[in-house]
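# Overview (structure and organization)
Here is what each chain is made of, one letter per residue.
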Amino acid sequence: MLTSLTIAEARDGLISKQFSAGELTAACLAEIEAASALNAFIVTTADTARAAAVSSDERRGRDAGAAAARALEGIPLGVKDLFCTKGVSSTACSHILDGFVPDYESHVTERLWANGAIMLGKLNMDEFAMGSSNETSYHGVVRNPWRGADGVDLVPGGSSGGSAAAVAGGLVLAATASDTGGSIRQPASFTGTVGLKPTYGRCSRWGMIAFASSLDQAGVITRDVRDAAIMLGVIAGHDPRDSTSTTHAVPDYEAAIDDFAGSLKGIRIGIPREYRVDNMPTDLEALWEQGAVWLRAAGAEIVDISLPHTRYALPTYYIIAPAEASSNLARYDGVRYGLRASGGDLIDAYERTRSEGFGDEVHRRVMIGTYVLSAGYYDAYYLKALKVRRLIAQDFEDAYQRCDFILTPTTPSAAFPLGAQGDDPIAMYLNDIFTVPVNLAGLPAISVPTGYDHNGLPLALQLIGTAFDEARLLGVAQILEIAAGVCARPTPWWKN
Amino acid sequence: MSIDDMTVRHIARLARIQVDDVAVSALAHDMSRILDFIAELNALDTRDVLPMTGAIDIELAMREDVVTDGGYPDVILGNAPMRLPSRDDDYFAVPKVIE
C-alpha cells in the first residue's frame with residue numbers, strides 16, 4: 001500500500017515513476033477519510049493537497065533532477081495544529097483560538113513546502129500541548145490505532161497524539177510535532193513510531209503557538225529513523241525571527257546515519273540507575289536490558305551512570321512550564337483574534353473569554369503558573385526551580401564525561417485506556433518522568449520502537465545525545481532500530 | 001500545602017479567569033495536590049546554585065533597530081472578533097471602559 005511507505009521508499013518510487021505524487025496524495029486522503037474514528041485530523045486540506053500534488057508532478061516532469069534534489073518533493077505530510085499555516089485554521093486545539101486563520105506560515109512548515117512536501121491537513125493535539133493523552137483537546141480524544149488485548153480503546157499519548165496516530169495508522173507518511181516535556185517521544189512510544197526531539201534551538205519556533213518557550217522544540221514523528229533524519233535535515237537551521245534558533249551548521253543527517261556502518265566500536269552508552277523506578281513493568285525492564293545487549297553486540301561499551309537529581313525533574317518542570325505558559329497565554333484576551341465572550345466591562349470580557357475559551361488543564365496550569373510567579377512566592381517556587389534546573393542539566397554534563405549517549409525507556413508503561421488517568425493530574429504528569437529531564441537540559445533525544453508488551457502493544461527505548469549531535473544520535477538509533485527489527489502494524493479496525 | 005478558596009479567587013483574578021464556586025473548589029483541590037508535588041524541591045539546598053534561564057548557552061542575537069515589518073492593518077485586523085463599525089478606522093473594538 002502506498003500509504004504505508006516510508007518517506008525514503010516513497011521518494012524512490014516517485015523518482016523511478018512507479019507512482020505519482022497525485023496518486024500518493026489521493027491514497028493518503030482516502031485513508032484519512034476512512035479513519036474518522038481515530039479523530040487524528042481536525043482539518044483536512046484535500047483540495048489544496050491535490051493541487052499541490054499536481055504542481056509537484058508538473059515540476060518533476062519539467063526537471064526530474066531538480067525535483068530529486070528536493071528532499072520531500074511530492075511527499076504528503078500532516079501538520080500538528082500547533083504550527084501556524086497560512087490561510088488554514090491554526091488553533092492548538094483550543095476553543096479560545098476558534099476561527100483563527102493566520103496570514104503567515106511557521107518556519108518549520110515553510111521549510112517543508114519549500115522542499116516539495118504536500119500538506120494533508122492539521123492534526124489533533126492536547127490543548128496548547130498541555131497533556132500526555134490527547135484527552136484535553138477541544139476537538140475530542142484521538143484513538144490509538146493500537147488496541148488493547150480485549151479491544152479496548154487506548155490513548156495515543158500526547159500532546160502530539162494526532163501526529164502519532166496518523167503516522168501509525170497509515171494516514172500520512174510523517175508528521176510535524178512539538179515537544180515541551182515529552183510530547184513527541186511519549187506518543188511515538190505509545191504508537192510504535194519514531195519520535196525525534198532535536199536540541200533546543202535546532203529548529204526555529206517562529207509560528208509555533210507557544211506553550212513554554214524555554215522548553216518548546218519542533219520535531220517529527222516518522223515510521224523509521226531514516227525518515228526522521230530526512231525530515232530534520234529540512235526543518236533544522238537558523239531563522240532570524242527566533243532569537244534562540246542557532247547558527248550551527250545543518251549536516252546531511254541521512255548520510256550521517258550510515259557513518260556507523262553497523263558498528264558502535266568506541267561508543268559508550270550510559271544506563272542511568274535513577275531511571276530504574278519502582279513498579280516498572282517487567283516487559284519494559286527486560287526490553288531496556290535487551291536494548292543494552294543489542295548495542296553491546298554492535299560494539300558499544302555499556303556503562304552505569306548516575307543522574308542524581310532525576311527525581312526533582314518533574315516538580316521543576318511543573319513550576320517552570322506553567323510559569324512560562326501563564327505568561328505566554330496572557331495574550332489570549334478575546335480582543336485581537338479568536339473567541340470573545342460578551343461581558344459587562346473590559347475586565348469582565350477578558351475573564352469570561354478566558355474562562356470559556358480554555359479547558360480545565362489549561363486553567364490549572366495558568367493558575368499554577370500565576371501562583372508561582374506572584375508576589376511573595378516567586379523566590380520560593382520559580383527561582384528555586386530555575387536553580388534546580390541547572391543541577392539537572394549539570395547531571396547530564398557530568399554523565400557525558402563517562403558516556404556518549406544515554407539509553408532509557410521512553411515511558412514508564414505502554415499506552416493506557418481512554419479515561420484511565422482522567423481524574424488525577426499528577427498521575428498524568430508521571431507519564432513524562434523519563435522525557436522531561438531532557439527538555440530541562442535542552443538536549444536532543446529520540447524514541448525508537450523496540451518491542452511489545454505481553455498484550456502486543458508497542459514499547460520503546462529513548463536515546464539521549466549531547467547538544468547538536470543529532471547526526472550521531474540518529475546513527476545509534478538506527479542501529480537499535482535494526483537490531484530490534486520491530487515491524488508489526490496495527491490492525492485497521494477503524495475502517496469497519 | 002493546602003490552598004484556600006480566597007487564594008484561588010485572588011490568583012484567578014490575576015490570571016483573568018472567571019471562576020464560579022464549583023470551579024474554585026476543584027481548583028483549590030487540584031492546585032493543592034500540585035503544590036504538594038512540587039514542594040519536593042524544598043529538600044534541596046540550592047544556596048550556591050545560579051539560576052538557569054535558558055536551555056542552551058546562546059548569546060542574544062543583535063540586529064539593527066529598523067522597521068522590518070508592518071503596514072498591513074487589514075491583515076492584522078482580519079482575525080479580530082470585533083471591529084469598529086466605520087470601515088475607515090483600523091481599530092480593535094472593546095467594551096466601553098470610560099463612562
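Small disclaimer: the values here were computed from a predicted structure and weren't measured. Throughout, a residue's number is its position along its own chain's written sequence, starting from 1. Here every chain gets a letter starting at A, and every ligand a number starting at 1, in the order they are written. Since the coordinates come from a predicted model, pLDDT governs what is reported: local features require at least 70, and pairs of side-chain atoms require 80 or more to be given and counted, while whole-chain, interface and lining totals use all residues. Excluded from the side-chain calculations are hydrogens and water; all other atoms, namely the structure's heavy atoms, are used.

## A few points about the overall build of chain B
Helix numbering and strand numbering both begin at the N terminus, where a helix is a DSSP run of H or I of at least 4 residues and a strand a DSSP run of E of at least 2. Counting secondary structure elements, chain B contains three helices and zero strands. Along chain B, helices and strands appear, N-terminal first, in the series α-α-α. In this setup the radius of gyration rests on C-alpha atoms only. A globule is expected at 2.2 Å times the number of residues raised to 0.38. Computed over its C-alpha atoms, the radius of gyration of chain B comes to 23 Å, more than 25% above the 13 Å expected for a compact globule of 99 residues. Taking the principal axes of its C-alpha atoms as reference, chain B extends roughly 60 × 45 × 25 Å. Relative accessible area decides the class of each residue, using a 1.4 Å probe on protein chains only: under 20% of the type maximum gives buried, over 50% gives exposed, and in between gives partly exposed. With 99 residues in all, chain B has 29% of them scored as buried. Counting contacts in chain B only where the partners sit at least 6 residues apart, residues at least 24 apart contribute 20% of the total. Note on contacts: a residue pair is in contact if any heavy atoms of the two residues lie within 4.5 Å.

## Notes on the nonpolar core
Here, nonpolar core refers to any group of buried Ala, Val, Leu, Ile, Met, Phe, Trp, Tyr and Cys residues whose side-chain atoms link them within 4.5 Å. Leu72(A), Phe128(A), Leu295(A), Phe396(A), Leu407(A), Leu463(A) and Leu474(A) are the most contacted members of the largest nonpolar core, which totals 183 residues. The residues contacting Phe396(A), other than those within four sequence positions of it, are Tyr275(A), Leu307(A), Ile406(A), Pro437(A), Val438(A), Ala441(A), Leu443(A) and Ile464(A).

## Notes on helix 1 (residues 7–15) of chain A
Residues and elements named next belong to chain A. Those residues of helix 1 that fall on the buried side of the exposure criterion are Ile7, Ala8, Ala10, Gly13 and Leu14. Where helix 1 is buried, its residues touch helix 2 (21–34), helix 3 (46–62), strand 2 (76–80), strand 4 (174–179) and helix 8 (225–235). One or two positions beyond helix 1, positive phi appears at Lys17, with a value near 60°.

## Observations concerning the pairing of strand 10 (residues 445–452) of chain A
Residue and element names in this part refer to chain A. Along strand 10, seven of the eight residues are buried, which leaves the element largely enclosed by surrounding structure. By the bridge criterion, three bridges tie strand 5 (residues 194–197) to strand 10 in an arrangement that is antiparallel. By the bridge assignment, Lys197 is partnered in strand 10 with Ala445. Summarising the sheet, strand 10 and strand 11 (residues 458–464) pair through seven bridges and their orientation is antiparallel. The partner of Ser447 across the bridge, within strand 11, is Gln462. Hairpin connection between strand 10 and strand 11: a loop of five residues separates the two successive antiparallel strands, and Gly456 in this loop has a positive phi of roughly 80°. Strands are labelled as partners when DSSP assigns at least two bridges between them.

## Observations concerning the environment of Val54(A)
Its place among the elements puts Val54(A) in helix 3. Taking C-alpha positions, Val54(A) is 52 Å from Tyr312(A), a pair spaced 258 residues apart along the chain.

## Observations regarding helix 5 (residues 107–114) of chain A
Residues and elements named next belong to chain A. Buried within helix 5 are the following residues: His107, Val108, Thr109 and Leu112. Buried residues in helix 5 make contact with strand 2, strand 4, strand 6 (217–222) and helix 8. Immediately beyond the C-terminal end of helix 5, within one or two residues, lies Gly116, with a positive phi of roughly 95°.

## So, the confidence of the model for chain B
Residues and elements named next belong to chain B. The predictor reports its confidence for every residue as pLDDT, a score running from 0 up to 100. Residue-level pLDDT values for chain B average 90, and 96% of them are 70 or greater. Looking at the elements of chain B, mean pLDDT is at its lowest for helix 3 (residues 73–77), recorded as 90, and at its highest for helix 1 (residues 5–14), recorded as 97. Here the complex is predicted with pTM 0.97, and the ipTM for its interfaces comes to 0.94.

## Comments concerning empty space enclosed by the protein
Residue and element names in this part refer to chain A. Grid points spaced at 1 Å and placed over the protein atoms alone form the basis of the search, with a cavity being a set where a 1.4 Å probe fits but cannot get out and a pocket an open set showing protein on both sides within 12 Å along at least five of seven lines. Lining residues have an atom within 4 Å of a point. Grid points are joined across faces, edges and corners, and a volume is the space filled by probe spheres set on the points. All chains considered together, the criterion is met by two cavities of 30 Å³ or more. There is about 70 Å³ of room inside the largest cavity. Lining the largest cavity are 13 residues; nearest its centre among them are Ala129, Gly131, Ser183, Tyr317 and Asp432. Here the term charged refers only to Asp, Glu, Lys and Arg, the term nonpolar to Ala, Val, Leu, Ile, Met, Phe, Trp, Tyr, Cys and Pro, and the term polar to all other amino acids, Gly among them. The class makeup of the residues in the lining of the largest cavity is five nonpolar, six polar and two charged. Taken as a whole, the second largest cavity holds about 40 Å³ of empty space. For the second largest cavity, the full set of lining residues is Arg11, Ile15, Arg60, Ala67, Ala68, Arg70, Ala71, Leu72, Glu73 and Ile75. At the level of elements, helix 1 and helix 4 (64–69) are the ones that each hand at least two residues to the lining of the second largest cavity. For the lining of the second largest cavity, the class distribution of residues is six nonpolar, no polar and four charged.

## Observations regarding unusual backbone geometry
Residues and elements named next belong to chain A. The omega angle of the peptide bond from Gly158 to Ser159 is 10°, so this bond is cis rather than trans. You can see Ser159 is positioned in the loop between strand 3 (118–123) and helix 6 (161–168). Its identity as a non-glycine residue notwithstanding, Lys17 has a phi of 60°, on the positive side.

## Some remarks on the interface of chain A and chain B
Taken residue by residue, the interface counts 67 residues in chain A and 47 residues in chain B. Accessible area that two parts lose when put together, evaluated with a 1.4 Å probe and summed over both, is termed the buried area. Roughly 5200 Å² is buried in total at the junction of chain A and chain B, and carbon and sulfur atoms are behind 71% of that figure. We count a salt bridge whenever a side-chain nitrogen from Lys or Arg sits within 4 Å of a carboxyl oxygen from Asp or Glu. Between the two partners, chain A and chain B, sit four salt bridges. Between Glu40(B) and Arg311(A) there is a salt bridge, with its nearest N and O atoms 2.5 Å apart. What qualifies as a polar contact is a pair of N or O atoms within 3.5 Å, subject to a donor-acceptor requirement within protein and to the restriction that residues adjacent in sequence count only when both atoms come from side chains. In this structure, the connection of chain A to chain B is made through 16 residue pairs in polar contact (both at pLDDT 80 or more).

## Let's talk about the packing of helix 13 (residues 360–373) of chain A against helix 2 (residues 21–38) of chain B
For helices, the fitted line uses only the C-alpha atoms of the stretch in contact; every axis is such a line through C-alpha atoms, and the angle between N-to-C directions lies from 0 to 180 degrees. Remark: helix 13 of chain A packs on helix 2 of chain B, axes separated minimally by 10 Å, with the N-to-C direction vectors making an angle of 60°. Relative to helix 2 of chain B, the element helix 13 of chain A is oriented oblique. Once helix 13 of chain A is placed against helix 2 of chain B, the crossing between them reads as right-handed. The segment helix 13 of chain A lies against helix 2 of chain B, with Arg364(A), Met367(A), Ile368(A), Tyr371(A) and Val372(A) engaging Leu27(B), Asp30(B), Met31(B), Ile34(B), Leu35(B) and Ile38(B). The class makeup of the residues in the contact of helix 13 of chain A with helix 2 of chain B is nine nonpolar, no polar and two charged. An angle below 35 degrees is treated as roughly parallel, one above 145 as roughly antiparallel, one from 65 to 115 as roughly perpendicular, and anything else as oblique. Rotating anticlockwise by less than a right angle from the far helix to the near helix defines a left-handed crossing, while the corresponding clockwise rotation defines a right-handed one.

## Describing the side chain of Asp216(A)
Residues and elements named next belong to chain A. Mapped onto the fold, Asp216 is located in the loop between strand 5 and strand 6. Think of it this way: Lys and Arg go in the positive column, Asp and Glu in the negative one, and His and the chain ends go nowhere. One buried charged residue, Asp216, forms no salt bridge at all, with the nearest opposite charge on Arg205 at 5.4 Å. At 2.6 Å, the side chain of Asp216 forms a polar contact with the side chain of Thr180. Sequence-distant contacts of Asp216, that is, excluding residues within four places in its chain, are made with Asp179, Thr180, Tyr200, Arg205, Ala210 and Phe211.

## Some thoughts on the pattern of salt bridges
If the charged atoms of two oppositely charged side chains come close together, the side chains can form a pair. Per the stated rule, a full pass over the model turns up 27 salt bridges over all chains. The shortest N-O distance in the salt bridge between Asp30(B) and Arg364(A) comes to 2.8 Å. Here Asp30(B), found in helix 2, pairs with Arg364(A), found in helix 13, and the two come from separate chains. We note that Asp30(B), like Arg364(A), is buried. Among the charged side chains, a network of salt bridges with common partners joins Arg11(A), Asp12(A), Arg226(A), Glu254(A) and Asp258(A).

## Focus: the packing of aromatic side chains
Residues and elements named next belong to chain A. Each Phe, Tyr or Trp ring (for Trp, its six-membered ring) is paired with any other whose centre lies within 6.5 Å, and the angle between the two planes then decides the class: stacked below 30 degrees, edge-to-face above 60, tilted in between. Counting across every chain of the model gives 16 aromatic pairs over all chains. Seen from their ring centres, Phe128 and Tyr332 are 5.1 Å apart, and the 45° between their planes marks the pair as tilted. Within this pair, whereas Phe128 is found in the loop between strand 3 and helix 6, its partner Tyr332 is found in the loop between helix 11 (313–328) and helix 12 (346–357), the two being separated by 204 residues in sequence. We note that Phe128, like Tyr332, is buried. Aromatic side chains Phe128 and Phe358 sit 6.0 Å apart centroid to centroid with 70° between the ring planes, which places their arrangement in the edge-to-face category. A residue pair is termed long-range when its members are at least 10 positions apart, and Phe128 in the loop between strand 3 and helix 6 and Phe358 in the loop between helix 12 and helix 13 qualify at 230 residues. Taken together through their ring pairs, the aromatic side chains of Phe100, Phe128, Tyr332, Tyr337 and Phe358 make up a single cluster. The ring of Trp493 has Arg147 sitting right over it, with the charged end atom 3.8 Å from the ring centre. Over the ring of Trp288 we find Arg276; its NZ or CZ atom is 4.8 Å from the centre of that ring. Here, a charge over a ring is recorded when the distance from Lys NZ or Arg CZ to the ring centre is within 6 Å and its angle to the ring normal is within 35 degrees.

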